[in-house]
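Coordinate analysis (summary)
One-letter residues, chain by chain:
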2 protein chains.
Amino acid sequence: MSAGWFRRRFLPGEPLPAPRPPGPRASPLPYRRPRFLRGSSSSPGAADASRRPDSRPVRSPARGRTLPWNAGYAEIINAEKSEFNEDQAACGKLCIRRCEFGAEEEWLPLCPEEFLTGHYWALFDGHGGPAAAILAANTLHSCLRQQLEAVVEGLVATQPPMHLNGRCICSSDPQFVEEKGIRAEDLVIGALESAFQECDEVIGRELEASGQVGGCTALVAVSLQGKLYVANAGDSRAILVRRDEIRPLSFEFTPETERQRIQQLAFVYPELLAGEFTRLEFPRRLKGDDLGQKVLFRDHHMSGWSYKRVEKSDLKYPLIHGQGRQARLLGTLAVSRGLGDHQLRVLDTNIQLKPFLLSVPQVTVLDVGQLELQEDDVVVMATDGLWDVLSNEQVAWLVRSFLPGNQEDPHRFLKLAQMLIHSTQGKEDSPTEEGQVSYDDVSVFVIPLHSQGQESSGH
Amino acid sequence: MSAGWFRRRFLPGEPLPAPRPPGPRASPLPYRRPRFLRGSSSSPGAADASRRPDSRPVRSPARGRTLPWNAGYAEIINAEKSEFNEDQAACGKLCIRRCEFGAEEEWLPLCPEEFLTGHYWALFDGHGGPAAAILAANTLHSCLRQQLEAVVEGLVATQPPMHLNGRCICSSDPQFVEEKGIRAEDLVIGALESAFQECDEVIGRELEASGQVGGCTALVAVSLQGKLYVANAGDSRAILVRRDEIRPLSFEFTPETERQRIQQLAFVYPELLAGEFTRLEFPRRLKGDDLGQKVLFRDHHMSGWSYKRVEKSDLKYPLIHGQGRQARLLGTLAVSRGLGDHQLRVLDTNIQLKPFLLSVPQVTVLDVGQLELQEDDVVVMATDGLWDVLSNEQVAWLVRSFLPGNQEDPHRFLKLAQMLIHSTQGKEDSPTEEGQVSYDDVSVFVIPLHSQGQESSGH
């Protein structure tokens, strides 16, 4: 059994490029970074782990056995839309050390069996070049590991202590923590939120130092202590597919879904628009003929719509313009959260995008230990290229059609990932309406939960 | 059949005060305002409508019959917690005129049958005196009527037009409106949002002019064109109870539920805290002994928790302090949305509460026309006093226990409202755990949907 990862940038029949090295300033890390391979025939599986440059021992601390689902498989094909791939991915084992806080905050050297271990999968969909996505794939897991190690004492406690060093200053401190409902999972959520922000800062520094530009979305799944955490900043998506259930595990952050937050910021800081944009939303861009008419509009405080009489300032280009896939922030960007973009400006102006972007993800938690897991329960993570042409229901239908008949195939999750990609290419047997075709990059992880449930129960 | 409204401020056995007139500056309006009555034996029903000061004809435009569910019944008992009731309510028929926009925007005099009619129920839970709640009960429906009349051409169209006067400047305008997914219900939502804000401004002006203070929450239900709109600003709640379903129709806005918005504002405008408060959240208020320790905290961008080393500024009083019912904004207010409070300041300081409060409601829409309505399907609206001791499930259990056995009783919705109130008084047959008692005001509307469904289908 393996976690299947598959990415495709080609239309059938197109030539495949030669493998490329990672982008500049990317250093090798103890994480399996996606490789550039031809075709989709490479074997996934545990054996693959031995090819990682400096892989940690792939063992379950509790059971001492190889973790079948940790053997992630990656396949990347460069569509030559840019010299380097703009999409990047990373997956691997998270080994979290315990630290003892003294005067010097020294690390306690503990043997590997005492590590708190988790697993990590991440998709980064770059724009404006591959640099941010490569940096994110090389950096985010390290940021996360550090953030988790900083709170590991709270993670392994029955309840996170008010004070990290365990000193109890007030006897009712545990009660205060209890009343706030603070659990270990809140520390993981906090660590993910901080890690995204830290990674964003690293990317900002690195891009500036190397004179590069760009940004990327980030979708991360972390399995830790029997729970699956899904952190999302951008327009990728993760869903849980079970026999009788489809559950969204992430929500997209685009100029449309975050309209009110973005308009609110422009309301508070109008100088961010430099007099070039209107923060108001209209059904279309207004023109001279609309002056003096009452037209549909909405402002930052409105979920509904109303009418306003058009003034001259309403004729400016809208802060958010277009619908659906075409919606753009400041006429430039299709996502409203992500990493990087520190230097991004509206074409031919000095108007910055970054103030409107958030690097902080939204985190959802799936309590895998509480699910009565079936063999075919999976999480599907994919970039927007998949979801543009396949609905959650169509993906679930493909999952349920494929997995039950292939239970003995050790590569079935890889093959499922490949099949999902192929279904976006307008094949005859595709479940998309009238064979819809995705011309966008498509990257997919299929993560089986059954192994995870077994593993978690051992912790 | 009648919509039952019941309110109680007394513990059993307490003396009842004499009836009081409405507060100062409150003028009579064509809306039934709650009366001050002793006990709960007054007869509700359609006959009551004739006692309204200047009631409009209670007729269904489509069927020309008396609307049974429009005969709202109100009972108010003043608990003498303040001289005047702090809770107020209003209910009645909304008659929305059509206007023709010309140079003068004149009203077209249409006969009553051509009115667009709806129904309106509202609960206002005051604090710092009754003035804001009384003003809201006297004003909000007028604001809403005006807002709806301003967009009524869009409401009655198949699709709201891009331009209110119907002039089509661009031939693809309907397509732009379609692509944005703008429907008539979005205009009602927009009208509710604007009406709340306008009413808030009226209250601010009126309170200032009369030298009064105070604020109130507002929960409004509007039935219009086969849909029920529930607009909420504060900590009251509305739920739909059906035989097999309990559906929340509103969400509470308190310092806890709006923590991130409030912290974000303090992050953007730190001067609002005047150096007296910390915007950070801790499990308890920190003290000198915590200095230098790493304690649990969260800031505006965090859903999860993390640890930080305590600095001197962290020892200030928290922007949001306390848990659950005890949570307070700036140590002062238990709600984060509502009307009024323009003059409210933190005790002995010049720190204003108003910048942190929103008057804009969240609006949910129930498509009553799409429900297969049963006789006993109701919406229960109540102030926080009810929900503090009864869960949604307990209220639903009481509804389902009472209504089926009383289908012939024309006062059954009133009696149900009364029974819900009594269930918060710790009676033996109460479904609350260990006979929990509410010492807060409790106000309840029970709105039967079956009549509405019949009525709506005629539109």
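The following refers to the structure shown. (Residues numbered from 1 in each chain as written. Chains lettered and ligands numbered in written order. Predicted model: local features only at pLDDT ≥ 70, side-chain atom pairs only at ≥ 80, totals over all residues. Heavy atoms only, no water.)

Quick look at the overall build of chain A
What counts, and what does not: Per the convention used, a helix needs a DSSP run of H or I reaching at least four residues, while a strand needs a run of E reaching at least two, with both numbered from the N terminus. Contact criterion: two residues are considered in contact whenever any of their non-hydrogen atoms come within 4.5 Å of each other. Accessible areas in this description were obtained via Shrake-Rupley with a 1.4 Å probe; residue shielding takes into account the shown protein chains only.
A tally of helices and strands in chain A yields 9 helices and 17 strands. Long-range pairs, those at least 24 residues apart, make up 72% of the contacts in chain A with a sequence separation of at least 6. Summing over all exposed atoms, chain A offers an accessible surface of approximately 18,500 Å²; the carbon and sulfur share of this is 48%.

Observations concerning the relation of the copies chain A and chain B
Condition: Here the copies are superposed with least squares, the fitted atoms being C-alpha atoms of residues at a pLDDT of at least 70 in both.
Mapping chain A onto chain B leaves a residual RMSD of 0.1 Å; the transformation is a rotation of 180 degrees accompanied by 0.1 Å of translation along its axis. What the superposition gives is, in effect, a two-fold axis relating one chain to the other. Relative to the rotation axis, the closest C-alpha in chain A is found at Val-268 of chain A, a distance of 4.4 Å. Here 100% of the interface residues in chain A have copies in chain B that are interface residues too; the copies meet face to matching face.

Looking at the pairing of strand 16 (residues 378-382) of chain A
Residue and element names in this part refer to chain A. For clarity, the cut-off: The buried label applies to any residue whose accessible area, calculated with a 1.4 Å probe on protein chains only, is under 20% of its type's maximum; exposed applies above 50%, and partly exposed to all values in between. The rule for pairing is simple: two strands pair if DSSP sees at least two bridges between them.
Burial of strand 16 is extensive: 5 of the 5 residues sit out of reach of the surface. By the alternation rule, side chains of strand 16 split into Val-378, Val-380 and Ala-382 and Val-379 and Met-381, which are all buried. The sheet contact formed by strand 6 (residues 237-241) and strand 16 spans 5 bridges and is antiparallel. The partner of Ile-239 across the bridge, within strand 16, is Val-380. Two strands pair when backbone bridges link them, and strand 16 and strand 17 (residues 442-448) are joined in this way by 5 bridges, in the antiparallel orientation. The residue bridging Val-380 from the neighbouring strand is Val-446, located in strand 17.

Here's the deal with the interface of chain A and chain B
Stated formally: Buried area: the sum, over both parts, of the accessible surface (1.4 Å probe) that disappears when the two are put together. We define a salt bridge as a contact between a side-chain nitrogen of Lys or Arg and a carboxyl oxygen of Asp or Glu at a distance within 4 Å. Whenever a nitrogen or oxygen atom comes within 3.5 Å of another N or O atom, the pair is scored as a polar contact, on the condition that within protein one atom can donate a hydrogen and the other can accept it, and that pairs from neighbouring residues in sequence are kept only if both atoms are in side chains. Three categories are distinguished: nonpolar for Ala, Val, Leu, Ile, Met, Phe, Trp, Tyr, Cys and Pro, charged for Asp, Glu, Lys and Arg, and polar for the others, with Gly belonging to the last.
Across the contact, 50 residues belong to chain A and 50 residues belong to chain B. For the chain A and chain B pair, buried surface summed over both sides reaches about 4,400 Å², with 57% attributable to carbon and sulfur atoms. When residues of chain A are sorted by the area they lose upon contact with chain B, Met-162, Lys-180 and Tyr-307 of chain A head the list and together hold 16% of the total. Across the chain A-chain B interface, the total number found is 4 salt bridges. Across the salt bridge formed by Lys-180 of chain B and Glu-281 of chain A, the nearest N and O atoms sit 2.6 Å from each other. Across the chain A-chain B interface, the total number found is 24 residue pairs in polar contact (both at pLDDT 80 or more). Mapped by element, the contributors of at least two residues to the side of chain A that touches chain B are helix 3 (173-179), helix 4 (184-210), strand 9 (294-297) and strand 10 (306-309) of chain A. Examining the composition of the side of chain A that touches chain B, we find that 6 residues originate from one element, helix 4 of chain A, more than from any other. Among the residues forming the side of chain A that touches chain B, the class breakdown is 24 nonpolar, 12 polar and 14 charged.

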